[in-house]
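# Results of the structural survey
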Amino acid sequence: MVSLWEETYSIAPREDLPGDLSTEVAVIGAGMAGILTAYYLKQKGFKTIVVDGKRIGSGQTKGTTAKITSQHADIYHKLIDQFGEEKAKQYAYANENAILEFKNLVNELLIDCDFEEKSAYLYTLEDATLLEQEAVTARKLGIDAEFTTETELPFEVKGAVKFANQAQFHPLKFLSAVASTLTIYENTQVLEVEDTLLKTNRGEITAKYIVFATHYPFINAPGFYFLRMHQDRSYFLACKNATTLDGMYRSYEKTGYSLRSYKDILLFGGGGHRTGENSRGGQYSALRSALKQNYPESSEFAHWSAQDCMTLDGVPYIGQFSSGKPNWYVATGFGKWGMTSSMVSAQIISKQIAGEDVWYAPVFSPERFTLTSDLKALLVETKQAVKGLTRRIFQLPKATEEELPVGHGGIIEVDEVKYGVYKNDDGEIFIIEPKCPHLGCQLEWNPDELSFDCPCHGSRFTITGELLDNPAQTDIYEKKEE
């Protein structure tokens, strides 16, 4: 599966890390958050390098819908309830400012990335009362917001919150331009980090400051982010011969759809679920059915999926990694809002490393934890991890190797040992150990993407055990049947 952005643009490769070196700042991860952070650090005079285990933009950035928006579902009234009005203002300002920073960079660097200013809509097919309240709250916090019942959508809505002065772009075109001035090493996997030392598969890096911009932090302690986040997957179609939309749309209901246009192509998304909980599949087929129902003349151009880190309270973790590591910084937990959150991260972290005050940083502090609001969510995450571990130990597989149909995969038992097995259309069988190398949870089969996914923390692997998504850092040893 290749996303729309990969179909329409390719970033030139960079060299691998040539060996041991020293720098002021090492940024781990060459996605939108890492590249922007490195760019602003360089602007402030810091010697900065970026390393990535694969390619620039090869992680979640390539799968984004590339909406640059401060409209993050119905978050603003929740922020006031959880944190108070001051921190809600911090969140609103940080994200509205992120939109302006993107616009400024596009203009200053003359980046040809199809940047367009658009309005964003959060719509509902049900009761619109909460969205009316959200529009009022957002205006109170300084956002140009209004409630409306008028949209371009091919179905009737009960109402929508409209945010003006938002934007969209081609993320890989933008990323390539910003990255062109930076020192970046690809195919350089960071395996361990000890204080100021990064151990990679291609040498060691010594850095005064280290930024973890890896989508999901692979260091378990300190920080314990694996207890404070889970990952969700969502699915997208790009199609032609559909109506071109002037706005960007997202459903308030989890069962609804995300829509926006790129030139003459419509992006149509939905089908979200927790990573590792899609054993029945059918996400793409359901999306295709909905697409044809709403745009019967459309034709599919590309399809792909994305993965998002979800925090306990819906706010990203941006800033100092933990109190015991003052030279480590982290940007994670962006939810469905990776583009604005990437820019917010770059602004906060670059300024904090430079010793500048960032008045809106407290709401994003990675060290926040409120017992009353976060305990219930933490217990859910812990229960999910325990379930993943006990499933590996106690749950008996329902299939056997012989019963597995061609073109299918699953967790089966071979000689009283559990394996993750896939049988291709030629009857060839691929076998891996269904144990996530991150923290040992049992992997689950994802038939929509022919992958083995971890329901605890979201790591994903191919049928041959190759790592697709972190926090795991290593492949699973393949055991191919002879």
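Everything here concerns the structure above.
The present account deals with the structure reproduced in this document. (Residues numbered from 1 in each chain as written. Predicted model: local features only at pLDDT ≥ 70, side-chain atom pairs only at ≥ 80, totals over all residues. Heavy atoms only, no water.)

The subject of this paragraph is the overall build of the chain. Within the chain one finds nine helices and 26 strands. Computed over C-alpha atoms, the radius of gyration of the chain comes to 22 Å, within 12% of the 23 Å expected from 2.2 N^0.38 for 482 residues, which places it in the range of a compact globule. Dimensions of the chain, computed from C-alpha atoms along their principal axes, come out at roughly 65 × 55 × 45 Å. In the chain, once contacts between residues fewer than 6 apart in sequence are set aside, the share between residues at least 24 apart is 70%. Only carbon and sulfur atoms are counted for the fraction: they give 49% of the accessible area of the chain, which is about 20,100 Å². (Helix = DSSP H or I, 4+ residues; strand = E, 2+ residues; numbered from the N terminus. Rg over C-alpha atoms; globule rule 2.2 N^0.38 Å. Contact = heavy atoms within 4.5 Å. Areas by Shrake-Rupley, 256 points an atom, 1.4 Å probe, with all protein chains shown as cover.)

As paired strands, strand β8 (residues 190-194) and strand β9 (residues 197-200) are joined by four bridges and run antiparallel to one another. By the bridge assignment, E194 is partnered in β9 with L197. Counting the residues that bridge the hairpin from β8 to β9 gives two residues, and of these D195 lies at a positive phi of roughly 55 degrees. (Pairing = 2+ DSSP bridges.)

Another aspect to go through is the environment of L267. One can find L267 in strand β14 (residues 265-274). The class of L267 is buried, set by a relative accessible area of 2%. Considering only alpha carbons, one finds L267 and Y123, 144 residues apart in sequence, at a separation of 16 Å. Non-local contacts of L267, meaning those with residues more than four positions away in its chain, are made with L4, W5, T65, L237, S258, L259, R260, Y262 and W304. (Buried < 20%, exposed > 50% of the residue type's maximum accessible area, 1.4 Å probe, protein only.)

A few words on the sheet that holds strand β22 (residues 444-446). Hydrogen bonds between backbone atoms are what pair the strands of a sheet, whose relative direction is either parallel or antiparallel. Spatially, the four strands line up as an open sheet ordered β22-β23-β24-β25, and their pairing is antiparallel. The strands lining the two open edges of the sheet, one partner per strand, are β22 and β25 (467-469).

What follows is about empty space enclosed by the protein. Tallied over the full model, the rule gives one cavity of 30 Å³ or more. When its volume is computed, the largest cavity comes out at roughly 70 Å³. Lining the largest cavity, in full, are K67, T69, Q71, A73, A120, Y121, L122, M248, Y249, R250 and W337. When contributions to the lining of the largest cavity are tallied by element, the ones reaching two or more residues are β4 (116-124) and β12 (248-251). Tallied by class, residues from the lining of the largest cavity come to seven nonpolar, two polar and two charged. (1 Å grid on protein atoms, 1.4 Å probe; cavity = no way out; pocket = protein on both sides within 12 Å on 5 of 7 lines; lining within 4 Å. Points joined across faces, edges and corners; volume = space filled by probe spheres on them. Nonpolar A, V, L, I, M, F, W, Y, C, P; charged D, E, K, R; others polar.)

Here is the idea: a disulfide is a covalent bond, and it sits between the sulfur atoms of two cysteines. Considering all chains together, one arrives at one disulfide under this definition. A sulfur-sulfur distance of 2.1 Å marks the disulfide that ties C441 to C456. Of note, the bridge from C441 to C456 carries an S-S torsion of about -100 degrees and is left-handed in sense. Of this pair, C441 sits in the loop between β21 (429-432) and β22 while C456 sits in the loop between β23 (451-453) and β24 (460-461); the two residues are 15 residues apart in sequence, bridging distant segments of the chain. Note on accessibility: C441 and C456 belong to one class, buried. (Disulfide = S-S within 2.5 Å.)

Moving on, we come to the nonpolar core. Formed by 80 residues in total, the largest nonpolar core has its most connected members in I35, L36, Y76, F169, F174, I353 and F364. The leading source of residues in this core is helix α4 (residues 85-108), at nine residues. Ignoring sequence-local partners within four residues, the contact set of Y76 consists of S70, A88, Y91, A92, E134, T137, A138, L141, I143 and F163. The next biggest cluster of nonpolar side chains, apart from the first, holds 26 residues, and it includes A26, A207, F212 and Y225. (Core = buried A, V, L, I, M, F, W, Y, C linked by side-chain atoms within 4.5 Å.)

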